[in-house]
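Structural characterization, general
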Amino acid sequence: MMADQVIHKGLEGVVVSTNALTYIDGHAGKLMYRGYLIGDLAEQSTYEEVVWLLLHGELPNQRELAALKAELVANRTIPEHLLTLLKLLPADTNAMAALRTAVSMLALSDLESEDNSEAANRRKALRLVAKMATVVAAFERIRNGKEPVLPRPDLSHAANFLYMLNGEVPKETMARVFDVCLILHADHEMNASTFAARVTASTLSDIYSAVTAAIGTLKGPLHGGANTKVMEMLLEIQDPDNAEHWIKEALANKQRIMGFGHRVYKTEDPRATVLRRLSRELGEKQDSTRWYKISRTVEQEVLAQKGLYPNVDFYSASTYYLMGIRTDLYTPIFALARIAGWVANLLEQYADNRLIRPDSEYIGPKERPYVPVNQRN
Ligand code: CMC
């Protein structure tokens, strides 16, 4: 690196590529997929429609949507040897580590895994969307000593995941809440995991390697791992009356409050607006408003003291909790939604690739002579 160049720590503000997928206005709190506002998509669309939208640029017509659904259904099963691997994992295996390993292993049974043509990558993209949901559900069943549940072709992507997870067909309202959660998490411009995926693809490595890198990146608590940490915090607070004191103390101890702050949003994340409503509605329906109440107090306190707004991970935590989902599955669920955005970004990267290889400023010792081992102190 040249001496007069500026270091952009964390690459803040650095534009590394174009994208025709997702637009964020961090000051207005706006998020759009292919020009459609996230609130409109959450209200009116389905995850399957959003997958098509991200992969093809337009909302599907009925024929296209039917074809996409059929292809996803046809790809839902996972190989027997992958189920065997999941059964061999130690009981306390981290759920994201399991997903990362499983996706890497999926490559081994895909005859097209090393074919980087656009047609093969589009087929693999849908296989990944379909199979990652099955992997996460099977992992959860197996670690609870239960048999994995075979996917059902008559159910939507969201309903089928909950069916494979719980062994019973979800109520329509639950399936819809989960569908909306998948839509909200489907893509988010140049976030850290998408960047990791693009960096991997920029070496012309394969799509499975890129998605494996993305999963490893999403796992961290500063990124997707925050949703699990949010629920751990709410559980620790336990009572709405404890929330204000808990947050004051945490902030006094310079703790980061999970689910708050964002590199891009300087106001409320529009996904949090939808998730706040879902969390409240589910709580009211189940006569269990404790988590919503704690969340509201935490939100008010963090805004008042730090000027920070909740991000997507804050209210998704209590929403998933009220759906009866185990806390460490929240990040794998983020991944099985975000796979749509990852693969759409990867198609863009392969279509207009240049190796991503930034610089760093060297601050180690200056040039010096080598000293043989017998002459060192
Ligand atoms: N709690 C307390 N202080 C915070 C928080 C927070 N959640 N977020 C930022 N700050 C403070 C931080 O301490 C720093 O203060 P100072 O300048 O006095 O040291 C200042 O705000 C700027 O923070 P930063 O870490 O330089 O900001 P960033 O843009 O690099 O980080 C972030 C963004 C999301 C990593 C950060 O806000 C954070 O750690 N949030 C908590 C984890 C989280 O919720 N992550 C999910 C992100 S959104 C969805 C996703 O990607 O999964």
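Residue numbering note: each chain is counted from 1, following its sequence as written. For a predicted model such as this one, the threshold for reporting local features is a pLDDT of at least 70, and the threshold for listing and counting side-chain atom pairs is 80 or more; totals across whole chains, interfaces and linings nevertheless cover every residue. Side-chain measures here rest on the full set of heavy atoms in the structure, leaving out hydrogens and waters.

1. Thoughts on the packing of helix α4 (residues 80-88) against helix α6 (residues 118-143)
- Orientation is described by axes fitted as lines to C-alpha atoms, over the contacting stretch for helices, and by angles from 0 to 180 degrees between their N-to-C directions. Starting at the N terminus, helices and strands are each numbered in turn, a helix being any DSSP run of H or I of at least four residues and a strand any DSSP run of E of at least two. Between α4 and α6, the shortest axis-to-axis distance is 9 Å and the interhelical angle comes to 40°. Our classification of the angle between α4 and α6 gives oblique. Seen along the crossing, α4 lies across α6 with a hand that is right-handed. Each of Leu82, Leu83, Leu86 and Lys87 in α4 lies in contact with α6, whose residues at this interface are Val135, Ala138, Phe139 and Ile142.
- Under this grouping Gly is polar, as are all residues other than the nonpolar Ala, Val, Leu, Ile, Met, Phe, Trp, Tyr, Cys and Pro and the charged Asp, Glu, Lys and Arg. Taken together, the residues of the contact of α4 with α6 sort by class into seven nonpolar, no polar and one charged. Throughout this description, any angle smaller than 35 degrees is read as roughly parallel, any larger than 145 degrees as roughly antiparallel, any in the 65 to 115 degree range as roughly perpendicular, and the remainder as oblique. By definition, any crossing whose near helix is turned counterclockwise from its far helix by less than a right angle is left-handed, and any crossing with a clockwise turn is right-handed. Contacts between residues were defined by any pair of non-hydrogen atoms, one from each residue, lying within 4.5 Å.

2. Observations concerning the pattern of salt bridges
- By definition here, a salt bridge exists when the distance from a side-chain nitrogen of Lys or Arg to a carboxyl oxygen of Asp or Glu is within 4 Å. Across all of its chains, the model carries 20 salt bridges by this definition.
- Two residues, Glu112 and Arg123, come together in a salt bridge whose shortest N-O distance is 2.6 Å. One end of the pair, Glu112, is in the loop between α5 (95-108) and α6; the other, Arg123, is in helix α6, with eleven residues separating them in the sequence.
- Only protein chains enter the accessibility calculation, which uses a 1.4 Å probe; a residue whose area is less than 20% of its type maximum is buried, one above 50% is exposed, and one in between is partly exposed. Classification of Arg123 as partly exposed rests on a relative accessible area of 34%.
- In this structure, the salt-bridge partner of Arg326 is Asp328, at a minimum N-O distance of 3.8 Å.
- Taken together, the salt bridges that share partners define one network made up of Asp110, Glu112, Arg123 and Arg127.

3. Topic: the pairing of strand β2 (residues 30-33)
- Summarising the sheet, strand β1 (residues 22-25) and β2 pair through four bridges and their orientation is antiparallel. Paired with Asp25 across the two strands is Lys30, which belongs to β2.
- Here β1 folds back onto β2 in antiparallel fashion, the turn holding four residues, of which Gly29 has a positive phi close to 70°.
- Strand pairing follows a simple DSSP-based rule, namely that at least 2 bridges must link the two strands. One ladder, built from two bridges, connects β2 with strand β3 (residues 36-37); its direction is antiparallel. Residue pairing across strands places Met32 opposite Leu37, the latter belonging to β3.
- The loop that links β2 with its antiparallel partner β3 comprises two residues; one of these, Arg34, has a positive phi angle of about 50°.

Bear in mind that shape data such as this cannot, by itself, settle questions of function.
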